[in-house]
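Structural description and commentary
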Amino acid sequence: MPVAAPVAPGTISPRRPVPASIPRPEYVDKPAPAKFTGSEIKDAETIEKMRIAGRLAAQARELVGAAIVPGVTTDELDRIGHEFLCDHGAYPSTLGYRGFPKSLCSSVNEVVCHGIPDSRIVEDGDIVNIDITAFLDGVHGDTNATFLAGDVDEESRLLVERTREALQRGINAVKPGRRTSVIGRVIESYAKRFGYGVVRDFTGHGIGTSFHSGLIIPHYDQSHYDDLIQVGMTFTIEPMLNLGTHDYTMWADNWTVVTKDLKRSAQFEHTLLVTADGAEILTNP
């Protein structure tokens, strides 16, 4: 793998405005969201709204991903995603969430998650994760994917390909009557074949009218989080696999998470609905 300079913080542009006509989530510009007290099992009306929000988020993900080429800034990627969601009447869920200043997360190379879009220019050979969420008609649709910029080395390409496969294997493991711990068991078992580190402290989560409901979906083999999977539940699976250790450090911005050994990390995410025979992906375009 070629030696690339570590990602460094750039200049963050002013906050992008959202038209006043677009409803905001309740947490915007508050220290924390209100505690979720509803059910993880959604009714038919909420599910249909989530299908629409999820599809829009997926379309935004793919639009931004298509713009990932050497020379573009991550701030420009944020602009593309922000304007697409606003043009379709959706609020970018991350904007103003616990103080996050942008409308998507852009995580480059060794950045595991929650990278803040800024003036950094995407370079040839980078891998770039785009994590974007649409709040529309009172519900959230959350998704992310890792994209290749230019000529990416084989080790990084394989990491990205296998992380996508790890997500799919996690989705395939979702069946009513099983426990949520099976998801992490399947993902870590696959990742271990290649010696990848599986990130532990950042997880999938319940989602619906709440961005993060309190339901936790780990991506490694553990038994602490072991909820019963039931028809009508909605949650994300979003494994982060690293070329090296699963350990990380956090930048002073209290958002940007980077691998401790500065080796590359990839991630993919879908919002799912548990059905009678498995899972429906709500974040396909």
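Data block above holds the structure.
Residues numbered from 1 in each chain as written. Predicted model: local features only at pLDDT ≥ 70, side-chain atom pairs only at ≥ 80, totals over all residues. Heavy atoms only, no water.

1. Considerations on the side chain of Asn 129
Rule in force here: Counting from the N terminus, the helices are DSSP H or I runs at least four residues long and the strands are E runs at least two residues long. Whether a residue is buried, partly exposed or exposed follows from its accessible area with a 1.4 Å probe, protein chains only, as a fraction of its type maximum: under 20%, in between, or over 50%, in that order. Two N or O atoms count as a polar contact when they lie within 3.5 Å, although within protein this holds only if one can serve as hydrogen donor and the other as acceptor, and sequence-adjacent residues are included solely when both atoms are side-chain atoms. We call two residues in contact when some of their heavy atoms are within 4.5 Å.
Tracing the backbone shows Asn 129 in strand 4 (residues 127-136). Look at Asn 129 and you get buried, because its relative accessible area is 3%. There is a polar contact of 3.2 Å between the side chain of Asn 129 and the backbone oxygen of Ala 145. Once you skip the residues sitting within four places of it in the chain, Asn 129 turns out to touch Cys 105, Ser 106, Ser 107, Asn 144, Ala 145, Thr 146 and Gln 267.

2. A look at the packing of aromatic side chains
How we decide: Stacked, tilted and edge-to-face are the three classes assigned to paired rings of Phe, Tyr and Trp, where Trp is represented by its six-membered ring and a pair needs centres within 6.5 Å; plane angles under 30 degrees give stacked, over 60 edge-to-face, the rest tilted.
Summed over the entire model, instances satisfying the criterion amount to seven aromatic pairs. Relative to Phe 211, the ring of Tyr 27 lies with its centre 6.2 Å away and its plane at 25°, an arrangement referred to as stacked. You can see Tyr 27 sitting in the segment before helix 1 (44-66) and its partner Phe 211 sitting in the loop between strand 7 (204-205) and strand 8 (216-217), a full 184 residues away along the chain. Ring geometry for Tyr 97 and Phe 211: centres 5.1 Å apart, planes at 65°, overall edge-to-face.

3. Regarding the nonpolar core
Cut-off, in case you're wondering: To define a nonpolar core, start from buried Ala, Val, Leu, Ile, Met, Phe, Trp, Tyr and Cys residues and group those joined through side-chain atoms within 4.5 Å.
By size, the foremost hydrophobic cluster in this structure holds 63 residues, and its most contacted members are Ile 183, Phe 235 and Ile 237. Elements represented by at least two residues in this core include exactly helix 1, helix 2 (74-87), strand 4, strand 5 (139-148), helix 3 (154-172), helix 4 (181-192), strand 9 (234-237) and strand 14 (270-275). Not counting residues within four places of it along the chain, the set of residues in contact with Ile 237 comprises Leu 167, Gly 170, Ile 171, Val 174, Ile 183, Ile 187, Ile 217, His 219, Phe 268, Glu 269, His 270 and Leu 272. Val 28, Cys 86, Tyr 91 and Tyr 97 belong to the second-largest nonpolar core, a separate cluster that totals 14 residues.

4. What about the side chain of Glu 269?
Convention followed: We treat Lys and Arg as the positive residues and Asp and Glu as the negative residues; His and chain ends play no part in the count. For this document, the term salt bridge refers to a Lys or Arg side-chain nitrogen within 4 Å of an Asp or Glu carboxyl oxygen.
Within the element layout of this structure, Glu 269 appears in the loop between strand 13 (265-267) and strand 14. Among buried charged residues, Glu 269 stands out as having no salt bridge; its nearest opposite-charge side chain is Arg 61, 8.3 Å away. Discounting residues that sit within four places of it in the chain, Glu 269 has contacts with Asp 131, Asp 142, Thr 143, Asn 144, Leu 167, His 205, Thr 236, Ile 237, Glu 238 and Thr 283.

5. Notes on the sheet that holds strand 14
Which entries qualify depends on this criterion: Think of it this way: DSSP has to see at least two bridges between two strands before they count as a pair. Fitted lines through C-alpha atoms give the axes, limited to the stretch in contact for helices. The angle between two N-to-C directions lies from 0 to 180 degrees.
The three strands are arranged 9-14-15 in an open sheet whose pairing can be described as antiparallel. The open sheet has two edge strands, strand 9 and strand 15 (278-281), and neither has a second partner. Between one strand and the next, the sheet's axes are offset by a mean angle of 45°, whatever the strand orientation. Where strand 14 lies against strand 15, four bridges are found, and the strand directions are antiparallel. Among the inter-strand pairings, Thr 275 is bridged to a residue of strand 15, identified as Gly 278. This element, helix 1, spans strand 9, strand 14 and strand 15 of the sheet and lies at about 150° to strand 14.

6. Comments concerning the environment of Thr 133
Position of Thr 133 among the secondary structure elements: in strand 4. Accessibility expressed as a relative area gives 1% for Thr 133, which makes it buried. Put simply, Thr 133 and Tyr 220 are 87 residues apart on the chain and 24 Å apart in space, counted from C-alpha to C-alpha. Residues within four places of Thr 133 in sequence aside, it is in contact with Leu 85, Tyr 91, Pro 92, Ser 93, His 140, Gly 141, Asp 142 and Phe 211.

7. Thoughts on the sheet that holds strand 3 (residues 111-113)
Strand order in this open sheet of three strands is 3-12-11, and the pairing throughout is antiparallel. Only two strands of the sheet have a single neighbouring strand rather than two, namely strand 3 and strand 11 (248-250). In this sheet, neighbouring strand axes are inclined to one another by 40° on average, regardless of whether the strands run parallel or antiparallel. With three bridges joining them, strand 11 and strand 12 (residues 257-259) adopt antiparallel strand pairing. The residue bridging Thr 249 from the neighbouring strand is Val 258, located in strand 12.

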